[in-house]
Every structure is written in structure tokens, then in C-alpha cells.
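# Survey of secondary and tertiary structure
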Amino acid sequence: MPDAAKVRIAFRVNGSEHIVHAWPMARLLDVLREELRLTGTKEGCGEGECGACAVLLDGALVNSCLVPALHADGASIITIEGVAQGEQLHAVQQAFLEHGGAQCGICTPGMVLAAVNLLEKCPNPTEADIRNGLAGNLCRCTGYMKIFESVVAACKQQR
Amino acid sequence: MRAYLPQFELITPTALEDALKLLAREPGQWEPFAGGTDLMVLLEAGKLAHQRFLNIWRLKELHGMEETRENVTLGALTTYTEVQKHETLQREFPLLCRAAAVTGSVATQNRGTLGGNIANASPAADSPPALLVYDAELELLSARGARWVRYAQFHKGYKQMDLAPDELIARIRLPRRANVAPGFSPASWGWHEYYSKVGTRSAQAISKVCFAGAAQMANGRIADIRIALGSVAPTVVRCAKTEEFLRAEEKLTPAAVQKAQEILAGEIAPIDDFRSTARYRRRVAQNLLGEFLGSAVR
């Protein structure tokens, strides 16, 4: 089969309109990192197990390694670069800083987006809700407790 | 190794009719692509069997849910997140909601679809045992027309389905239990439902054994019972012989439970693989049956 043609993808990322041309099966992860140079989104496992590449796609948490960029055509995306409002960190980011929620940092963008998504859907989560909301995000440094504490602190901050 | 991207097509038909025409014109050439949670994993691993994909994600005919007096019908592209949120499913088909909640994690549940889970045909999938317990039926669409098949007869062998190359899985129909009026919970009619997924952890992990059961109890007796398992055979399995034995038992004595566990072992065919062993799976399947029956009479 001859090579496919690149496809035009128009989407809104962190509030700005972008048009890119990508191979039809290009991963959203690669388009964000390589075309838009938004390298805050990390690749961990590349198979949907670790959550390091999580972004919000039309308000839904997704693993961008498992989304063809084509599925983002016409969509609105928030990456880790779009979570803070200018210099003002999101409550989740501030809590991660203050409570030791981040160590090496590779899981942190996905972890923060999963937490932001959880608090949007469930503003007063139980411990079980937090564990479930972050169950798809692996961290090899913190042992998770400081991350859970950060999310609890962010909830209190938001109230 | 990662696949060479320019080799892959992903085309987006604007209407269901166009998708079916393309499948009819070039049957077997185009593989439907929905949420991508299985196919994108294979892409990254360089193991995709096809090169040309038909993007059905936005075909609105394959989304949505419909309720009639007799059935609840779900579009094949219903995601796990949508399943969990649906009130009628929570009330009348709780095993499906439980399965959806333990499939992957939030990000997977937002993209993974029931139809995709069925078409991927993994014997270790989490929602099919629930679909089997609820006597689900599938609508298969092609340019030739529509047909309905019983889900229990859909998987013919490992990754083999009663699905022609020009057909799409369009809808999943769940018959409401005959003695349950809409709006009432099956639990109020004596239905006891049990779902258990045994794996290395509850999120993300693929199951070593997955068990779905529903039993209607009347005066301590089993009036009706349905049992299905995943990860213990080349396909997901409904255990008709075990059900038949239990339906005929006057009372669920320990001896009857043990006999049922023996019959169950004959209805499954687990294997050793990198996730578990045949021996462990057989034993756990029997234990889960015991736990299910114990919880039903309690």
C-alpha cells in the first residue's frame, strides 16, 4: 500500500487555536510534544498503563498515547501547560508543591491532570474516590501517600 | 518496535451508510477503529494486523441508549464511563456497571467502548461476562441489512466471531428481566448479583479470572441462576451445566455447592500464561462460585 497522506487537524490547545498536519494514526501525544513543543506531557509506558501522558480532551481525562490526533480534530485540549492561570498555580499544583506530591516529576503532569479532573467531577472526594481517580497514574517515587495528601489539601483549598 | 506511521490509513466516513458501503466494497480491507484503547497499544508495539482503519468514533448512530418496556439498547460506542453513569443500568444491570468500573482506569473508561471490547474478542475482557449473564444480543449491520445474534453464540473460538468482514457491531440489547417492571430494581424481586475480578490489582490489571453471576432467590431456593466467566477459556463462557444443576437443587447445601464447583471445573478450560496458571485459575473460579452462592443464600 502506498503511504497515506497527512491529514489536517484543527484544535484548541490550552485556549489557543492550532492547525497541524499529521499522519492519520499519529498519536496525540507525539503531535502535542513534537509539533506544538508542549513537552510537559510525558510518555511513560506508551500503552495506556501509566497515565504520564494524560490530558483533558473536551473535558475528559484521556491517555494521549492511545488517542490518534485525528480524534482531536475540532476538540479542545488542556495539557499540563494550561492548568495554571498565568503565574497563578492551580490549587492541585500548589498542593503538590507544598505536600511533597512530586519527586522525579515524570508522573506529575498526568497525576496533576487526573487530580484536576477528579476535583472537577467530584469536588468532595472520599479517600476511595481519590484512589480510584488516580488509579491509572503510576508513580515510582512517592509511594502515593504524599500525592493523596496533596489532593486532600487541594480539596480543602478549593472549598 | 514502533510502527512506521505513513503506512497506516485512518479514514472518517461522514455517515454510517458510507462506512457500510466501504466495508461492502472492500470487505476485510478496513478494520473499524473506535476508542483505540486496544488498537493504539498494538500500533505502538508494531503489532497491528491491519493498515487501513475505518474511524467509526463519531458515527452518531452507534452512540446513545434507548429504553423500551422489554429492552435497554446501547450503541456499540457506549463508553465505560457512560455505562457507569446510566441510572437504568445501575438499577437493572449492575454487573455491567461493576465491570465498567474495573476496566482500566478513568482515562481508559472515557475512551474504551462496549462494542470495541466485544470486537477485540479477548477472553480476558471484563464486560463480556456481565453481558453473558444478562443474555445480551448484538445487532450486526452491513450494507446487506441488519441481523441480531445472541451474544452467547457470538464468540466462536479464540478471537473468532460470528461477524462477517463487511459487518459492524452496531448495538447491544439487554432484555429486561421478565418479572421486573421498568423502574423497579431486580433486587426487589430476589435477584442477587455478584461480580469479581481477580488480578494483580483492581485497576488497570487484566484479570486472571473474572466472574459474573446473578441468582434469583425465592424462599432460600434458587429460582433462576446465570453464571459467566472470563480468562478461563478461549472465549468468555456462560456455564450452562452448572446453572442447570443449581436450578434443579432443592436446597443449597454444602454438598450441592461442592458438586456445582466440580461441574464448573468441567465447563472451563483455563491455560497457563504470563498472567497466571491453569491450576490457579480453576481453583479461583471454583472459589468465586462458592463465594457467589454463599452470598446469595445469606
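Note that this is a predicted model, so its numbers are computed, not measured.

### Describing the overall build of chain A
- Scanning chain A for helices and strands turns up five helices and five strands.
- Listed N to C, the secondary structure of chain A is β-β-α-β-β-β-α-α-α-α in terms of helices and strands.
- In terms of overall size, chain A behaves like a compact globule, its C-alpha atoms giving a radius of gyration of 16 Å where 159 residues would be expected to give roughly 15 Å.
- Dimensions of chain A, computed from the C-alpha atoms along their principal axes, are close to 55 × 30 × 25 Å.
- Just so you have it, chain A exposes about 7,100 Å², and 50% of that area is on carbon and sulfur atoms.

### Side note on the side chain of A:Thr108
- The topology assignment puts A:Thr108 in helix α3 (residues 108–121).
- If we ignore the near neighbours within four places in the chain, the residues touching A:Thr108 are A:Phe96 and A:Ala102.

### Some details on the pairing of strand β2 (residues 16–22) of chain A
Residues and elements named next belong to chain A.
- Relative to β2, strand β1 (residues 7–13) runs antiparallel, the two being bridged by seven bridges. Paired with valine 13 across the two strands is serine 16, which belongs to β2.
- What sits between β1 and β2 in their antiparallel hairpin is a turn of two residues, with asparagine 14 showing a positive phi close to 50 degrees.

### Things to note about unusual backbone geometry
Residue and element names in this part refer to chain A.
- Positioned with a positive phi, aspartate 58 is a non-glycine residue whose angle comes to about 50 degrees.
- Along the polypeptide, aspartate 58 turns up in the loop between β3 (54–57) and β4 (60–63).
- Since its relative accessible area comes to 55%, aspartate 58 is described here as exposed.

### Section: the interface of chain A and chain B
- At the interface, 34 residues of chain A touch 34 residues of chain B.
- Buried surface at the junction of chain A and chain B, both sides included, amounts to about 2,700 Å², of which 59% is carbon and sulfur.
- Between the two partners, chain A and chain B, sit three salt bridges.
- For A:Arg27, the salt bridge goes to B:Glu44, with nearest N and O atoms at 3.1 Å.
- Linking chain A to chain B there are ten residue pairs in polar contact (both at pLDDT 80 or more).
- Those elements giving two or more residues to the side of chain A that touches chain B turn out to be β4 and α4 (127–133) of chain A.
- Considering every element that reaches the side of chain A that touches chain B, the biggest residue donor is β4(A), with four residues.
- Of the residues contributing to the side of chain A that touches chain B, the split by class is 19 nonpolar, eight polar and seven charged.

### Remarks on the sheet that holds strand β14 (residues 237–238) of chain B
Residues and elements named next belong to chain B.
- With antiparallel pairing, the four strands of this open sheet are ordered in space as β11-β12-β13-β14. Whereas interior strands pair on both sides, the edge strands pair on one side only; in this sheet they are β11 (191–198) and β14.
- As judged from the nine bridges shared by strand β12 (residues 209–218) and strand β13 (residues 221–230), these two strands associate in the antiparallel manner. From the neighbouring strand, glutamine 216 faces β13, where its bridge partner is aspartate 224.
- Helix α5 (residues 94–101) rests against β11 and β12 of the sheet, and its axis sits at about 20 degrees to β11.
- Its contacts with the sheet place helix α9 (residues 240–248) against β13 and β14, and it is angled at close to 165 degrees to β13.

### Some words on the side chain of B:Ser276
- Relative to the assigned elements, B:Ser276 resides in the loop between α10 (254–267) and α11 (278–297).
- In this structure, B:Ser276 is in contact with B:Lys208, B:Ile271 and B:Arg281, ignoring residues within four places of it in sequence.

### With respect to the sheet that holds strand β4 (residues 65–67) of chain B
Residue and element names in this part refer to chain B.
- If you trace the five strands from one edge of the open sheet to the other, you get β4-β5-β10-β6-β7, paired in antiparallel fashion. Only two strands of the sheet have a single neighbouring strand rather than two, namely β4 and β7 (145–150). Pairwise comparison of adjacent strand axes, ignoring direction, gives a mean angle of 20 degrees for this sheet.
- Across six bridges, strand β6 (residues 137–142) lies against β7 in antiparallel orientation. Bridge pairing in β7 links leucine 141 to alanine 146.

### Observations regarding the layout of surface pockets
- In this structure, the second largest pocket occupies an estimated 740 Å³ of space.
- Along the wall of the second largest pocket there are 28 residues; nearest its centre are A:Lys121, B:Thr81, B:Lys85, B:Val106 and B:Asn110.
- Among the secondary structure elements, those contributing two or more residues to the lining of the second largest pocket are β4, α3 and α4 of chain A together with α3 (80–85) and α6 (106–109) of chain B.
- When grouped by side-chain class, the residues that make up the lining of the second largest pocket number ten nonpolar, eleven polar and seven charged.
- Two domains share the lining of the second largest pocket, each providing at least three of its residues, namely domain 1 (7–82) and domain 2 (91–158) of chain A.

### Some remarks on the environment of B:Asn117
Residues and elements named next belong to chain B.
- If you trace the backbone, asparagine 117 turns up in helix α7 (residues 114–120).
- Sequence separation between asparagine 117 and glutamine 7 is 110 residues, and the spatial gap between their C-alpha atoms is 25 Å.
- When neighbours within four sequence positions are excluded, asparagine 117 is seen to be in contact with Tyr80, Ala125, Asp126, Ser127 and Pro128.

What counts, and at which threshold
Numbering of residues starts from 1 in each chain and follows the order in which that chain's sequence is written. The order in which chains are written sets their letters, starting at A; the order in which ligands are written sets their numbers, starting at 1. Since the coordinates come from a predicted model, pLDDT governs what is reported: local features require at least 70, and pairs of side-chain atoms require 80 or more to be given and counted, while whole-chain, interface and lining totals use all residues. Side-chain figures throughout are based on the complete set of non-hydrogen atoms in the structure, without hydrogens or water. Only DSSP runs of H or I covering at least 4 residues are called helices, and only runs of E covering at least 2 are called strands; the numbering of each starts at the N terminus. The size measure is the radius of gyration over C-alpha atoms, and the globule rule it meets is 2.2 Å times the number of residues to the 0.38 power. Residue exposure ignores everything except the shown protein chains as possible cover, and the areas themselves are Shrake-Rupley values with a 1.4 Å probe. Any pair of residues with heavy atoms lying within 4.5 Å of one another is described as a contacting pair. What makes two strands pair is DSSP finding at least two bridges between them. Partly exposed describes any residue whose relative accessible area lies between the buried limit of under 20% and the exposed limit of over 50%, with all areas from a 1.4 Å probe on protein chains only and scaled to the type maximum. As used here, buried area is the combined drop in accessible area, with a 1.4 Å probe, of two parts when they are placed together. Salt bridges are identified by distance alone: a Lys or Arg side-chain nitrogen within 4 Å of an Asp or Glu carboxyl oxygen. We define a polar contact as two N or O atoms separated by no more than 3.5 Å, with the added condition that, inside protein, one atom must be a possible hydrogen donor and the other a possible acceptor, whereas residues neighbouring each other in sequence contribute only through side-chain atom pairs. Side-chain classes follow a simple rule in which Ala, Val, Leu, Ile, Met, Phe, Trp, Tyr, Cys and Pro form the nonpolar group, Asp, Glu, Lys and Arg form the charged group, and the remainder, Gly included, forms the polar group. Think of each axis as a best-fit line through the C-alpha atoms, taken over the contacting stretch in the case of a helix, with angles from 0 to 180 degrees between the N-to-C directions. Cavities and pockets were defined on a 1 Å grid built from protein atoms only: a cavity is a group of points that admits a 1.4 Å probe but offers it no way out, a pocket is an open group of points flanked by protein on both sides within 12 Å along at least five of seven lines, and a lining residue is one with an atom within 4 Å of any such point. Grid points are joined across faces, edges and corners, and a volume is the space filled by probe spheres set on the points. In this document the domain limits rely on a domain assignment from an automatic tool or a database.

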